[in-house]
Amino acid sequence: MENFSQTEENYLKAIFKLSEREDKPASTNAIAGEMSTSAASVTDMLRRLAEKGLIHYEKYRGVALTEKGNKLATGLIRKHRLWEVFLLEKLRFSWDEVHDMAEQLEHIQSPELVERLDEYLGRPKFDPHGDPIPDAAGNFTFRKQVFLSALNPGEAGVVVGVNDHSPAFLQYLDRIEIKLGVQLRIAERFDYDESVRIMLGETNEQVLSKKVSQNLFIQKF
C-alpha cells in the first residue's frame, strides 16, 4: 500500500474541504490560509501531490482532487469524524476538545481498525459537531438544514450542527445551553444588527448575534 506523509494527507483534506465549501477548485491562496503557510510552500506541495496522481493542478485555475486523491481525503475525514465520536461518547471528552486529538488519530493506517471502530460505535452518520461521516465506500448522508439566520420569527427547529468548530465558539454555546438536539424557536429579529431573540423551551431566552446565527445549522420543524 502506498504511504503518504501526514502533511500530504492534511493538504488533501484541506483541498477537499475548500472545494466542498466553495463548490469550485481550491485556490493556492485559500489552501495557504487553510494550512497557515506561505503560497510558495503550497506550490511546492501541489507539485508533489500532482506527481503522485492525487490532484489536478493548473496555475491560476485552482486545484481539484483526482479520484485517487478524493478517495484518500474522504478516508481521512471518515477516520477523523469516527474518532471524534469515540472520544466524546466513550471517553467523555467535550465537543470542544475532540478535534485536535482526532487530527492525530486520523493518520492511523489500519482499515481493519477503522471498520471495527465504525461497527463498535453503531455506524454513526454524523460526528459530534453535526458533520456527516462518510461510510466505507465514501458516501455521505445529507439532510435538509439551514442556518439559524435563515429562520423567521415564529419558526422553530432543532440544532443539528455547527459551522464554526473553534473551541471558543463551542464553549460559548455550552455556556448558553445550546447543543446538538436542542429545540429552539425564533421569537424576534432585530433589524438594527440582525441579531435574534430565541426561546429554548418555555423559559430559557437568549439573544444571539448575527455571527452566532450564521454558524448554527437548524433542521426546521
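In what follows, the structure referred to is the one given above.
Reference entry: report on the structure contained in this document. Computed from a prediction, not measured in an experiment: that's the story for all the values here.

This paragraph deals with the layout of surface pockets. Counted as a void, the largest pocket has a volume near 860 Å³. For the largest pocket, the lining is made up of 30 residues, of which Lys17, Glu20, Arg81, Asp131 and His165 are closest to its centre. Of all elements in the fold, only helix H1 (6-22), helix H2 (28-35), helix H4 (67-89) and helix H5 (98-105) reach the threshold of two or more residues within the lining of the largest pocket. Considering every element that reaches the lining of the largest pocket, the biggest residue donor is H1, with six residues. Looking at the lining of the largest pocket, its residues break down into ten nonpolar, nine polar and eleven charged. Estimated volume of the second largest pocket: approximately 630 Å³. If you go around the second largest pocket, you meet 22 residues; those closest to its centre are Lys71, Leu72, Gly75, Lys79 and Pro111. Only H4 and helix H6 (111-120) provide two or more residues apiece to the lining of the second largest pocket.

What follows deals with H6. Each turn of an α-helix holds 3.6 residues, which means side chains three or four residues apart point in the same direction. The complete set of buried residues in H6 reads Val114, Leu117 and Asp118. Viewed along the axis of H6, the buried residues span an arc of 100 degrees, placing them on a single side of the element. In H6, the exposed positions that point more than 90 degrees away from the buried face belong to Glu112, Arg116, Glu119 and Tyr120. Buried residues along H6 sit against H4. Directly beyond the C-terminal end of H6, a positive phi value near 85 degrees is found at Gly122.

Reading across the sheet, the six strands line up as S3-S8-S4-S5-S6-S7 and stay open at both edges, with antiparallel pairing between neighbours. Of all strands in the sheet, those bounded by a partner on one side alone are strand S3 (146-147) and strand S7 (204-208). By the bridge criterion, two bridges tie S3 to strand S8 (residues 216-220) in an arrangement that is antiparallel. The residue of S8 that forms the bridge with Phe147 is Phe217. Across the sheet, helix H7 (residues 167-175) touches strand S4 (156-162), S7 and S8, and the angle it forms with S4 is around 150 degrees.

The next thing to look at is the packing of H1 against H2. Taken N-terminus to C-terminus, the directions of H1 and H2 make an angle of 120 degrees; their axes are 10 Å apart at the nearest point. Considered as vectors, H1 and H2 are oriented oblique to each other. Crossing of H1 against H2: the hand is right-handed. Facing Asn10, Tyr11, Ala14, Ile15, Leu18 and Arg21 of H1, the residues of H2 in contact are Ala30, Ile31, Glu34 and Met35. Partitioning the contact of H1 with H2 into residue classes produces seven nonpolar, one polar and two charged.

So, how was this worked out
- Residues numbered from 1 in each chain as written.
- Predicted model: local features only at pLDDT ≥ 70, side-chain atom pairs only at ≥ 80, totals over all residues.
- Heavy atoms only, no water.
- 1 Å grid on protein atoms, 1.4 Å probe; cavity = no way out; pocket = protein on both sides within 12 Å on 5 of 7 lines; lining within 4 Å.
- Points joined across faces, edges and corners; volume = space filled by probe spheres on them.
- Helix = DSSP H or I, 4+ residues; strand = E, 2+ residues; numbered from the N terminus.
- Nonpolar A, V, L, I, M, F, W, Y, C, P; charged D, E, K, R; others polar.
- Buried < 20%, exposed > 50% of the residue type's maximum accessible area, 1.4 Å probe, protein only.
- Arc of directions from axis to C-beta.
- Contact = heavy atoms within 4.5 Å.
- Pairing = 2+ DSSP bridges.
- Axes fitted to C-alpha atoms, helices over the stretch in contact; angles between N-to-C directions.
- Parallel < 35°, antiparallel > 145°, perpendicular 65-115°, else oblique.
- Left-handed = near helix turned anticlockwise from the far one by under 90°.

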